[in-house]
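Below, each chain spelled out in residue letters.
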Amino acid sequence: QVQLVESGGGLAQPGGSLRLSCASSRRIPSIYARNWYRQAPGKQRELVAGLFSGGSTNYADAVKGRFTIARDKATNTLYLQMDSLKPEDTAIYYCNNVVADGMNYWGQGTQVTVSA
């Protein structure tokens, strides 16, 4: 069974930075998209950033210009670099892999708190 494990969350001050990592227990074939989602208390889970198999990316409007999604192919690790953090970025962040047949894999989430 594939496990996705996020790390790198924590407490950051407004304007600060964090880098999230997502490691996979084994290579998943035919991945269509690698995504980061987040869920704030009382809100629905939302897509933050996506990296498609062809290399294109997409970002939620709320994080454009501040967050960067990237992947290290050698280590099969997905990253989310988060800069200029705002209190409204506070949420649990989840790593997600979508396989070509539509199957989804999820991590357990990592807490990000942005507060002075």
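For the structure itself, consult the block above.
Quick notes on the rules
- Residues numbered from 1 in each chain as written.
- Predicted model: local features only at pLDDT ≥ 70, side-chain atom pairs only at ≥ 80, totals over all residues.
- Heavy atoms only, no water.
- Helix = DSSP H or I, 4+ residues; strand = E, 2+ residues; numbered from the N terminus.
- Rg over C-alpha atoms; globule rule 2.2 N^0.38 Å.
- Buried < 20%, exposed > 50% of the residue type's maximum accessible area, 1.4 Å probe, protein only.
- Disulfide = S-S within 2.5 Å.
- Salt bridge = Lys/Arg side-chain N within 4 Å of Asp/Glu carboxyl O.
- Pairing = 2+ DSSP bridges.
- Core = buried A, V, L, I, M, F, W, Y, C linked by side-chain atoms within 4.5 Å.

Undergrad: Go over the overall build of the protein with me, naming the residues and quoting the values.
TA: Counting its regular elements, the protein contains zero helices and 11 strands. Taken from the N to the C terminus, the helices and strands of the protein come in the order β-β-β-β-β-β-β-β-β-β-β. Relative to the 2.2 N^0.38 estimate, which gives 13 Å for 116 residues, the radius of gyration of the protein is 13 Å and therefore close to what a compact globule would have. Along the longest, intermediate and shortest principal axes, the C-alpha atoms of the protein span 40 × 25 × 25 Å. Counting every position in the protein, which comprises 116 residues, the buried fraction comes to 41%.

Undergrad: Can you explain the state of the cysteines? Please cite residues and give values.
TA: Throughout this description, disulfide means a covalent bond between two cysteine sulfur atoms. All chains considered together, the criterion is met by one disulfide. Linked covalently through their sulfurs, Cys22 and Cys95 form a disulfide whose S-S length is 2.0 Å. On the S-S bond that ties Cys22 to Cys95, the torsion sits near -75°, and the link is left-handed. Of this pair, Cys22 sits in strand E3 (residues 18-24) while Cys95 sits in strand E9 (residues 91-99); the two residues are 73 residues apart in sequence, bridging distant segments of the chain.

Undergrad: Quick rundown of the pattern of salt bridges? Include the residues and the values.
TA: A complete count under the given rule lists four salt bridges for this structure. Residue Arg38 pairs with Asp89 through a salt bridge whose shortest N-O separation is 3.0 Å. Residue Arg38 is found in strand E4 (residues 31-39), and its partner Asp89 is found in the loop between strand E8 (77-82) and E9; the two are separated by 51 residues along the sequence. Of the residues examined, Arg38 reaches a relative accessible area of 6% and is grouped as buried. For Asp61, the salt bridge goes to Lys64, with nearest N and O atoms at 3.1 Å.

Undergrad: I'd like to hear about the pairing of strand E1 (residues 4-7), residue by residue, with values.
TA: On E1, burial follows the alternation: Leu4 and Glu6 on one face are buried, whereas Val5 and Ser7 on the facing-out side are not. With four bridges joining them, E1 and E3 adopt antiparallel strand pairing. What sits directly across from Leu4, in E3, is Ser24.

Undergrad: Hey, could you go over the nonpolar core for me, with residue numbers and the actual values?
TA: Core analysis: the largest hydrophobic core is formed by 27 residues, its most contacted members being Trp36, Val48, Phe67, Leu80, Met82 and Tyr93. For this core, the secondary structure elements donating two or more residues are E3, E4, strand E5 (46-52), strand E7 (67-72), E8, E9 and strand E11 (110-114). When residues in this core are grouped by element, the largest group, four residues, is from E9.

Undergrad: Account for the pairing of E8, naming residues and giving values.
TA: Most of E8 sits inside the fold, with five of its six residues counted as buried. Where E3 meets E8, six bridges bridge the pair, whose relative direction is antiparallel. Counterpart to Leu18 in the pairing with E8 is Met82. With six bridges connecting them, E7 and E8 associate as antiparallel partners. From the neighbouring strand, Asp72 faces E8, where its bridge partner is Thr77.

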